[in-house]
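The lines below spell out each chain.
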Amino acid sequence: MRLLAWLAAAVAIAPLIGVVAAAFGEGRADIAASDLVRYALTSVALALMVAVATAVLGSVSAWLVVMHRFPGRSVFAWALALPLAAPAFALAYGYSDLFDVAGDLRTWMRTVPGIDWGPQIRSLPGAAFVLSMAFYPYVYLTVRAALVNQSSQAIEAARSLGCSPTQALLRVGLPLLRPALAAGVALAVMETLADYGAVQFLSVQTLTTGVVRSWFVYGSLESAARLALPLLATAAVLLWFERLSRRGRTDEVARARWRPIQPTQLSAGRGALAFGFCAGLLTLGLVLPVGWLAVNAIDIDPDVRRLAIAASHSLGLALGGAITTVVLATCLALSAERMPVAARISSLGYATPGAVMAIGLLAPASIVWQGVPGAVSGLGVGLMLLIYAYAARLMAAALEPIEAGLTRVTPSMVAAARTLGRGEIGAALSVRLPIAYGALLTATLVVFIDVVKELPATLILRPFNVDTLAVIADNYARDERLPNAGWPSLMIIALTLPAVIWLTRKITRSRPGDTNGD
């Protein structure tokens, strides 16, 4: 079992070693220092804007849903996480087309000479807005979970010392939420730095767009790798920060006499404001851009055959990537207590953009293609590399729910299986994994959702003529055929939305100490 665990960790770390090796190789690098600085500064500015926006939107929405009663609260509790089903580039397409129409209308209705009323979505602030709408659910879910898992005892103690409800929240509740808020913001920033489709379409040059451009335009693996190094370093820092934030959390609530915080009934006026805030956030994050894409796509006759083939590719790669990732993560989780170093190594991949993972795999792939001609087809190598890249990047996303599920297995259960003659693997197959079945399903769905939406790694590593829905959407968008791009974007959402609904409803029904979420 330990050998399998170290193998899983090696899968995650090998592409990162490939990036470093390529960056310091002797090949030619066409990237100028000024371009590197420009890309880096843009990435930092974008990450900061998204961090602030998601922190505010996610924490306020979670505070409203958990701490107050108002119309629609039970629906918003899970619906506010639904933007996770839509890839960020789909929101970018919808908003870009919507703002273009709005700009034309405002220009036609201009009444004040000399003022440009046309909004600019294809800009750094526009990209920050789109990505904030796409990634605020990470903060919402983490802060909401922290609020739900808080016992009312701390708030009651503050009230007994003379604090008003607002003062108790500000002085006691919010400081307890800082670890969860920091973890959620770190996840949103990781996704921001990893995004390619949205920022590329919105004409914002980040380090990730530079990585992809260096490979496709200049064909320079060294330039792409050197642009990837700052991303890799930032990923390591963000992962360390996210792990450090978790140390502030406590599981004592699950072991103590936990009592839920009783939500406060809002007055009619304040309830309407809370409803408006949550409804507006959900509308901006999903309903408006996706609805606009759907309205425009209706007028376009889709290429049904091409879309069906792409959907089969997306579905096949997502299933293959999910199964491979969960198998490797399970091997790692079963040995995590005895091998914490291997678990931490594998977690680095989740903070690493898909484009960086792909660049790290290009060098060994070229050796295979050149050194073993005819031994394996380019199609086979490309598909294996894609699944490898997905597994390396998403190992930590699968590992966390599996580890949580395995905590339900007590040492006495394993000891009983061992006394009946089962070995380590036999005890895992007969006792530990059946008990953690729900966690395995959760991990599979999480990876499935991410793979369906993945774009940069697929663009770089996909075999010739193998297009996924994300790739087709990107191709249409590059040609400014946004109504056509709406069809594959909507199909991606259709594939991921059921899984997202199931996961979010499971999370919102969870209670402290209940790893099943039922």
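Computed from a predicted model, the values in this text were never measured in an experiment. (Residues numbered from 1 in each chain as written. Predicted model: local features only at pLDDT ≥ 70, side-chain atom pairs only at ≥ 80, totals over all residues. Heavy atoms only, no water.)

(A) Examining the packing of aromatic side chains more closely. With the rule as written, the count across this model stands at seven aromatic pairs. Their ring planes at 80° and their centres at 5.0 Å tell us that Tyr93 and Phe201 sit as a pair that is edge-to-face. Here Phe201 lies in helix α8 (residues 197-201) and Tyr93 lies in helix α4 (residues 88-108), a separation of 108 residues in the sequence. Each ring, one from Tyr95 and one from Phe129, has its centre 5.1 Å from the other, and the planes form 75°; the classification is edge-to-face. Residue Tyr95 is located in helix α4, and its partner Phe129 is located in helix α5 (residues 124-149); the two are separated by 34 residues in the primary sequence. Taking relative accessible area as the criterion, Tyr95 reaches 1% and is therefore assigned buried. A cation over an aromatic ring shows up here: Arg306 above the ring of Tyr476, its NZ or CZ 5.2 Å from the ring centre. (Phe/Tyr/Trp six-rings, centres within 6.5 Å; stacked < 30°, edge-to-face > 60°. Helix = DSSP H or I, 4+ residues; strand = E, 2+ residues; numbered from the N terminus. Buried < 20%, exposed > 50% of the residue type's maximum accessible area, 1.4 Å probe, protein only. Lys NZ or Arg CZ within 6 Å of the ring centre and 35° of its normal.)

(B) Here's a closer look at unusual backbone geometry. The backbone of Ser203 shows a phi angle near 65°, a positive value even though the residue is not glycine. Here Ser203 shows up in the loop between α8 and α9 (207-216). Of the residues examined, Ser203 reaches a relative accessible area of 49% and is grouped as partly exposed. Here the phi dihedral of Glu480 falls at roughly 60°; this positive angle occurs in a residue that is not glycine. As for its placement among the helices and strands, Glu480 is situated in the loop between α21 (469-478) and α22 (482-508).

(C) Highlighting empty space enclosed by the protein. A full pass over the atoms with the stated rule returns four cavities of 30 Å³ or more. In terms of lining, the largest cavity is formed by 20 residues, of which the most central are Phe135, Glu191, Asp195, Lys453 and Glu454. Elements that contribute at least two residues to the lining of the largest cavity include exactly α4, α5, α7 (165-194) and α19 (437-453). Looking at which element gives the most residues to the lining of the largest cavity, the answer is α5, with three residues. The computed volume of the second largest cavity comes to approximately 50 Å³. (1 Å grid on protein atoms, 1.4 Å probe; cavity = no way out; pocket = protein on both sides within 12 Å on 5 of 7 lines; lining within 4 Å. Points joined across faces, edges and corners; volume = space filled by probe spheres on them.)

(D) The arrangement of the pattern of salt bridges in detail. For the structure on display, the rule yields three salt bridges. Among the salt bridges present, the one from Arg462 reaches Asp467, with a minimum N-O distance of 2.5 Å. Judged by relative accessible area, Arg462 falls into the partly exposed class, the value being 25%. According to the relative accessible area criterion, Asp467 is buried, its value standing at 16%. Residue Arg478 is joined to Asp474 by a salt bridge in which the shortest nitrogen-to-oxygen separation is 2.7 Å. (Salt bridge = Lys/Arg side-chain N within 4 Å of Asp/Glu carboxyl O.)

(E) View of a nonpolar patch on the surface. Together, Leu315, Leu319, Ile323 and Val327 make up a nonpolar patch on the protein surface, roughly 340 Å² of accessible area in all. Here Ile323 is to be found in helix α13 (residues 304-334). (Patch = residues over 30% accessible without salt bridge, like charges linked within 9 Å, V, L, I, M, F, W, Y side chains within 5 Å. Areas by Shrake-Rupley, 256 points an atom, 1.4 Å probe, with all protein chains shown as cover.)

By themselves, these observations are geometric and do not establish any function.
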